[in-house]
Amino acid sequence: MDKTLPGNPALPSSEEELNRLAALETGSYRYSVVDYFQKPALSGFQLSPGGGSIAYRERDERGRQPVFVKSFATNEARKVVAEDDELIGGYMWLSETRILYVQDKGGDENYQLFAINTDGTGFKALTPFDGVRVMLLNQLKEQPDHIIIQMNRDNPQLFEPYKIHVGTGELEKLYDNTDLESPVMAYHFDKEGRLRALTKQENGIEYVLYYRLSDEDDFQEIVRTSWKDSFSLLGFDYVSGNPHLAYVSTNLESDTTELIRYDLKEKRKTEQLFQHPVYDAGGLSTSRKRGFEIDYFYYTAEKDELVPVSETFSKLHEKFRNAFKGYEYSVAGHTDDEQRWLLVAGSDKQYGSYHLYDAETDSIEKVVDLMPSLREEDMAAMLPFSFTSRDGLQVYAYITLPNEAGPENKVPLIVNPHGGPYGPRDEWGFNPEAQLFASRGYASIQVNYRGSGGYGKSFYLAGSKQIGRRMLDDLEDAVDYVLENYPIDRNRMAIYGGSYGGLATLGALVKTPELFACGVDYVGVSNLFTFYKSFPPYWKPFLSQLKEQWFDFDSEAEQEIMKQVSPALNVDKISRPVYVVQGANDPRVNIDESDQIVENLRSRGFDVPYMVKYNEGHGFRHEENRIQFYQTMMGFFAKHLKG
């Protein structure tokens, strides 16, 4: 056995076995898997701050996406950042002539920062520290040579803020975060780069906002909440003239999250800015050019919603909405002088397109269709629906039906639970997975089961300690609803999910072994006991919250529940075929989670296909791996849903 590789390298299926699995899909289709999952030829557009250039990612013949910069004046494009085996995790403009980008190693999520000039000179590895995770906190527009980052360089469990020179990499630590019992979990800097507030975690389950009136004052406690509530500082209000006013997202006085103005000196709410009775507020956007006035609020209902506030943006919103009738649009960015705006438009049937609005000429020009080969008229509609769970909870979901589905043509169903489980949610829009499934004749549903984010505090908390229990009930109730209301063949249903969705897949095969014909587990948890033990160091502060929200592994009673809902410990209840897929370097769900379920099922005589990629982490980012994954999954579904 090769001990240099993570996990047990004797377990993964061979390339020949995976190719045979992919070959089981034999139909003739208008679009291939590659058509849906090949990276766009051009994507990731960003305007330079001064408006002289636009940067973008351009796919090469190997599926890599180097960063190019194109000048508006000369129309010439230049490759600025190459992409080889280690993929670019993201990039951004630092100034009119300098770009920042991040990379990790093999998907380990220990991101490092790099900077380079747009003419290819001045390359600098800003944070060349192995095993350290770096995150951007503030881009200092008033100090363009500096940014504020946080990293766990001194202690893997704790993140500390640094001011870093983007040319030299010179570091200045801005705060010592050394208290393991009460670690700082968030730093709040103002636009000048001054540390104004801190959010600490205390007693493992409480979050305390501290604020100081000036740089010379001590930090004083402002608000204390449990993990069950939220009080998040979004930014400071630079409009009112009161230096202690801030924008806050909170549900302390409501079920759904509201946006408020809050006086940090007086410790009181001064104004409610926005709230929706059903959906959590998402946030707000301000205009630096216009003195930081609020431009709009946003939230996600069945679709993304935007509420214009300022007079300037209200006029722009009306213009953009009329230009993109029938589509959702979002602001991808704008120049500092707001003369050029980069917009993205899309829908459930349209992958997306970039557009450039020029305020001087008052015109909108299409930059690129991201996937022009996927014709809108060939795609399937994503339809929102809701149902009442068996215990009376209103649950929201989406269904994507093949165009050929009808009363005389019942189709197979794929249930696709999202990851998380707590906080994320599924949204309306173009979903390449759902479209691939529909093109092969499969309906799919995405259920925002209890615990999902965006639907208020009570819905979020209804998911506590319900992994493997009522969360799965919600999936079953969704299936019952679509069987009653849509042309679904109840004898041909599968379940597939990633991360927590993988745990839900395996859990459903344990809990309701006759409901699904098969399941696909993608980077999923299989054993809660080993999952807890394999956390990356920077997750350790969340253990107390996890005990309250997931299960308490120090409680004998809850250990029994953990045994019941850990699929790897209950493989005797699984009677349907399973396909397991894993990234070997996954820092969140260790490869041992997938190895366990494969070994345990094979020991019972199951033929379990097992794909492991040794250059991936928590989800596949390399194009060739992602394409092979979906090709083999389509073969697996063809065998068990059509065979």
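### Concerning the layout of surface pockets
Roughly 1,400 Å³ of volume is contained in the second largest pocket. Taken together, 42 residues make up the lining of the second largest pocket; nearest its centre are Q139, K141, T286, R288 and F292.

### What to know about the environment of L171
Within the element layout of this structure, L171 appears in strand β12 (residues 171-173). By relative accessible area, L171 is classed as partly exposed at 26%. When the C-alpha positions of L171 and L126 are compared, they lie 9.0 Å apart, and in sequence the two are 45 residues distant. In contact with L171, other than residues within four places in its own chain, are F129, I149, M151, R153, Y162, K163 and I164.

### A closer look at the sheet that holds strand β3 (residues 67-71)
Read across the open sheet, the four strands follow the order β1-β2-β3-β4; overall the sheet is antiparallel. Where the open sheet ends on each side, the last strands, each with one partner, are β1 (42-47) and β4 (77-81). Strand-to-strand twist in this sheet, taken as the mean axis angle between neighbours without regard to direction, amounts to 30°.

### Concerning the nonpolar core
Grouped together as the largest cluster of nonpolar side chains are 78 residues, with contacts concentrated most on L413, I445, I488 and L528. When neighbours within four sequence positions are excluded, I488 is seen to be in contact with L401, K410, V411, L413, A443, V482, L483 and M493. V520, I627, F636 and F637 belong to the second-largest nonpolar core, a separate cluster that totals 34 residues.

### A short note on the side chain of D358
Inspection of the secondary structure puts D358 in strand β26 (residues 353-358). As a buried residue without a salt bridge, D358 has its nearest oppositely charged side chain in R340, at a separation of 4.2 Å. Polar side-chain contacts of D358 include one of 3.3 Å to the backbone nitrogen of T361. Those residues in contact with D358 that lie beyond four places of it in its chain are Q339, R340 and S363.

### Considerations on the pairing of strand β7 (residues 112-117)
Among the six residues in β7, five count as buried, and that is most of the element. Where β7 lies against strand β8 (residues 124-125), two bridges are found, and the strand directions are antiparallel. Considered in β8, the bridge of F114 is made with A125. The loop that links β7 with its antiparallel partner β8 comprises six residues; one of these, G120, has a positive phi angle of about 90°.

### Topic: the sheet that holds strand β13 (residues 184-189)
Pairing is antiparallel in the open sheet, where four strands are placed in the order β13-β14-β15-β16. Of all the strands in the sheet, the pair left with one neighbour each is β13 and β16 (220-226). Each adjacent strand pair in this sheet contributes to an overall mean axis angle of 20°, direction not counted. Across six bridges, strand β15 (residues 206-211) lies against β16 in antiparallel orientation. For Y210, the partnering residue across the bridge sits in β16 and is E221.

### Description of helix α12 (residues 623-642)
Under the 1.5 Å per step criterion, the end-to-end length of α12 is 27 Å for 20 residues, consistent within 8% with the ideal 28 Å. Most of α12 sits inside the fold, with 15 of its 20 residues counted as buried.

### Regarding the packing of aromatic side chains
A full pass over the atoms with the stated rule returns 50 aromatic pairs. On the numbers, 6.0 Å between centres and 65° between planes, the contact of Y175 with Y187 is edge-to-face. Of the two residues, Y175 is situated in the loop between β12 and β13 and Y187 in strand β13; the sequence distance between them amounts to twelve residues. For Y187, a relative accessible area of 6% corresponds to the buried category. An aromatic cluster of three or more residues is present, and its members are F37, F437, Y442, Y496, Y522, Y579, F620, F629, Y630, F636 and F637. Across the ring face of Y238, the terminal group of K191 is positioned such that the distance to the ring centre comes to 5.2 Å. The ring of Y29 carries R440 above its face, with NZ or CZ at 4.2 Å from the centroid.

### Considerations on the side chain of E558
One can find E558 in helix α10 (residues 556-565). Among the polar contacts made by the side chain of E558, one reaches the side chain of K465 at a distance of 2.9 Å. E558 has contacts with K465, K547, F551 and D552, leaving out every residue within four places of it along the chain.

### Examining unusual backbone geometry
Cis geometry marks the peptide bond from G420 to P421; its omega dihedral reads -5°. Residue placement: P421 occurs in the loop between β30 (411-415) and α4 (432-439). With a phi angle near 60°, N203 is a residue other than glycine that sits in the positive phi range. Summarising the element assignment, N203 is placed in the loop between β14 (195-202) and β15. Its relative accessible area of 57% is what places N203 among the exposed residues. Of note, E338 is a non-glycine position whose phi angle comes to about 60°, a positive value. Under the relative-accessibility criterion, E338 is labelled buried at 6%.

### Notes on the environment of G583
In this fold, G583 is placed in strand β34 (residues 578-583). The sequence separation of G583 and M611 amounts to 28 residues, and the corresponding C-alpha distance is 8.5 Å. Apart from the residues lying within four places of it in its own chain, the contact partners of G583 are V523, K613, E616, G617 and F620.

### Focus: the pattern of salt bridges
Any two side chains of opposite charge can pair, so long as their charged atoms come close to each other. By the definition in use, this model includes 51 salt bridges. In this structure, R390 engages D473 in a salt bridge whose closest nitrogen and oxygen atoms are separated by 3.4 Å. Taken together, the residues span a long stretch of sequence, with R390 in the loop between β28 (382-388) and β29 (394-400) and D473 in helix α6 (residues 470-485) at a distance of 83 residues. Notably, a salt bridge pairs E558 with K465, separated by 2.9 Å at the nearest N-O pair. One end of the pair, E558, is in helix α10; the other, K465, is in the loop between α5 (457-461) and α6, and 93 residues separate them in sequence. The network of salt bridges with common partners includes R390, D473, E476, D477 and K511.

About the cut-offs
- Residues numbered from 1 in each chain as written.
- Predicted model: local features only at pLDDT ≥ 70, side-chain atom pairs only at ≥ 80, totals over all residues.
- Heavy atoms only, no water.
- 1 Å grid on protein atoms, 1.4 Å probe; cavity = no way out; pocket = protein on both sides within 12 Å on 5 of 7 lines; lining within 4 Å.
- Points joined across faces, edges and corners; volume = space filled by probe spheres on them.
- Helix = DSSP H or I, 4+ residues; strand = E, 2+ residues; numbered from the N terminus.
- Buried < 20%, exposed > 50% of the residue type's maximum accessible area, 1.4 Å probe, protein only.
- Contact = heavy atoms within 4.5 Å.
- Pairing = 2+ DSSP bridges.
- Axes fitted to C-alpha atoms, helices over the stretch in contact; angles between N-to-C directions.
- Core = buried A, V, L, I, M, F, W, Y, C linked by side-chain atoms within 4.5 Å.
- Lys, Arg positive; Asp, Glu negative; His and termini not counted.
- Salt bridge = Lys/Arg side-chain N within 4 Å of Asp/Glu carboxyl O.
- Polar contact = N/O pair within 3.5 Å; in protein donor to acceptor, adjacent residues only side chain to side chain.
- Expected span 1.5 Å × (residues − 1).
- Phe/Tyr/Trp six-rings, centres within 6.5 Å; stacked < 30°, edge-to-face > 60°.
- Lys NZ or Arg CZ within 6 Å of the ring centre and 35° of its normal.

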